[in-house]
Amino acid sequence: MQYAPALGDTVEDIQRQTIGRVMGFVGPYVQLRPVDGGREWDARREWLRPVSLTEALSAGVAAANARSRGQALMTANTSLPVDTATMHATTALVLDEKAELPTADELNHLTLLYRGHLMLLIPEVEKAGLGLPEDDTARRRAHAGVAEARTRLNLEAGPTLPAQVAHAQRLARSVVCLLGHLENPERAPDRPNHSSAKEDRVSQPTQTAFGMTVTDLNQTVWLGHPEGPRWRLPN
């Protein structure tokens, strides 16, 4: 049976050998956007195949690495596009309480992807803040959010899976925080969850901080408390 893409799916255009996200449909064509944002293109449905989460994250990591190398063809005054929808979608993979627990490989890809998001967002938030008065509250909050994000970029994850999950979540929260400064600067917090750099360094959870709830319908891993951050395991 031929694959029928749905809005929001991540797919590969086998004609272009490019991975993108489904953004819409026009006649026989599907509109796709690169995973790191940018200009959309059209592809025929029969040219598309669904990709796994690992493949999609790998494509995002490759784009993030390209950003960190500076994109030689970009000029000093040109900004890379910020795909806020994709950034929100990827952070939800570790922050949404209904999200499934990622595998070790997926978690590694996600961590690299969040780092790439932050490398793109930090200069954009800084530039947006420069357009505000020096004594403006939104400008001060943006500066604090950027400082927190830079601190988290310099931190390393602990050796255990729980510590690595916590590290990825902290990076993801900084991504969400900086997105807030671009999307709604007046309401954006100064720091992700109002946490501090000191708390980031000392609050890596141990394995005993994690628990599991098992029911007839599903199994859920949680952190700290059954009603706290939690991830549903695949059946």
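Here is what the cut-offs are and how they apply
Residues numbered from 1 in each chain as written. Predicted model: local features only at pLDDT ≥ 70, side-chain atom pairs only at ≥ 80, totals over all residues. Heavy atoms only, no water. pLDDT = per-residue confidence, 0-100. Contact = heavy atoms within 4.5 Å. Axes fitted to C-alpha atoms, helices over the stretch in contact; angles between N-to-C directions. Helix = DSSP H or I, 4+ residues; strand = E, 2+ residues; numbered from the N terminus. Parallel < 35°, antiparallel > 145°, perpendicular 65-115°, else oblique. Left-handed = near helix turned anticlockwise from the far one by under 90°. Nonpolar A, V, L, I, M, F, W, Y, C, P; charged D, E, K, R; others polar.

### Re the confidence of the model for the protein
Averaged over the protein, the pLDDT score is 75; the fraction of residues at 70 or greater is 69%. Here residues 194-205 scores under 50 on pLDDT; set against residues more than four positions off or in separate chains, the count is 24 contacts.

### Focus: the packing of helix H3 (residues 104-130) against helix H5 (residues 161-183)
Two elements in contact, H3 and H5, have axes whose closest approach is 9 Å; the angle formed by their N-to-C orientations is 25°. Between H3 and H5, the angle falls in the class roughly parallel. When the axes of H3 and H5 are compared, the crossing they make is left-handed. A breakdown of the residues in the contact of H3 with H5 according to their chemical character gives 16 nonpolar, six polar and two charged.

### Some words on the packing of helix H2 (residues 84-95) against H5
Angle between the axes and distance between the axes are the two parameters that describe a pair of packed helices. Two numbers describe how H2 lies on H5: the axes approach to 9 Å, and their chain directions differ by 150°. As the angle between them shows, H2 and H5 are arranged roughly antiparallel. When the axes of H2 and H5 are compared, the crossing they make is left-handed. Facing Thr84, Met87, His88, Thr91, Val94 and Leu95 of H2, the residues of H5 in contact are Ala168, Gln169, Ala172, Arg173, Val175, Val176, Leu179 and Glu183.

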